[in-house]
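# Working through the structure, step by step
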Amino acid sequence: MSLTKSLVRVALATALLLLIPLVAMQYTTEVNWTPSDFVFGGVVLFGAGFTFVLIARMGNNGTYRLAAGVAVLAGLLLVWANAAVGLVGSNDNPANLLYGAVLGVAVIGGVVTRFQPRGLSNAMFAAALTYLVVTAIAMFVWPPAPGTEEPSAYFVNVLVANGVFAALWAVAGLLFRRASNTDASSTPRLA
C-alpha cells in the first residue's frame, strides 16, 4: 500500500476516534472536551498512526509490524495518560515530566539502530527499564501528601499501573527480538 493511502487511512481512523468524545458530549456532561482537547487528541492519534506506518514499513515480517504496533501503543498510552491524569499524582505533578525520558530512550534507540529489529529490541528494553527507574525516582522524590489519599493505596496503584506500562515496552522488546531471530533464520548463510 502506498504511503499516501496509509496516511489517508490514519487520518480517517483519527477522525473516527475523535467522533467518540464528540458524540458522548451530546449525551452526557461527564465528557467535556474543549477545542484544544480535540486538537491535542488529533495530533497525538495521527502522530501515533503516522509513526506506526513509517516504522512498520521498515520491517519485512508480521512480528516486526506487531512489535512496532505495541511500541507505538505504549508511547501513545504514555502520552495520553500523562496528559489526562498524570502517571504519578495529578497531571500537575512535575514528576510526570520525567516520563519524557522514556520516549526519548525509545526514539533515540530506534534512530541510532536504524530501526533494525535487534537494536529496537534493546531500545524497548531500555525504555522499559527507564520507565521503572523514572517511576521509582518520582515515588521517592514526590511522595503523596499525607491526608490527601491513603499513601499505601496510592503507592500500590502507581506501582501497578506503571508496571503495566513498563511491561508494554518489554513486550515490544521481546517481539522485536523475535522478529530479529526470524530475519536471521530466513537469510541464507554462506558456507
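The structure contained in this document is the topic of the report that follows.

The rules behind the values
Residues numbered from 1 in each chain as written. Predicted model: local features only at pLDDT ≥ 70, side-chain atom pairs only at ≥ 80, totals over all residues. Heavy atoms only, no water. Helix = DSSP H or I, 4+ residues; strand = E, 2+ residues; numbered from the N terminus. Buried < 20%, exposed > 50% of the residue type's maximum accessible area, 1.4 Å probe, protein only. Core = buried A, V, L, I, M, F, W, Y, C linked by side-chain atoms within 4.5 Å. Contact = heavy atoms within 4.5 Å. Polar contact = N/O pair within 3.5 Å; in protein donor to acceptor, adjacent residues only side chain to side chain.

## Quick look at unusual backbone geometry
Only a minority of non-glycine residues have a phi that is not negative, and only a minority of peptide bonds are not trans. For R114, which is not a glycine, the phi torsion comes out positive at approximately 55°. Of note, R114 is situated in the loop between α4 (100-112) and α5 (117-141). Its relative accessible area of 69% is what places R114 among the exposed residues. The phi dihedral of F115 falls on the positive side, at around 60°, and the residue is not glycine.

## Some words on the nonpolar core
Counting 32 residues, the largest nonpolar core has Y99, M124, Y131, W169 and F176 as the members making the most contacts within it. Looking at this core, the elements with two or more residues in it are α3 (62-84), α4, α5 and α6 (151-186). Not counting chain neighbours up to four residues away, the residues in contact with M124 comprise A71, A106, W169, A172, G173 and F176. Of all hydrophobic cores here, the second largest spans seven residues; its members include L18, L45, V72 and L76.

## A look at the side chain of S180
Residue position: S180 is located in helix α6. Judged by relative accessible area, S180 falls into the buried class, the value being 9%. Within polar-contact distance, the side chain of S180 engages the backbone oxygen of R177 at 2.6 Å. Each residue touching S180, except ones within four places of it in the same chain, is listed here: P117 and R118.

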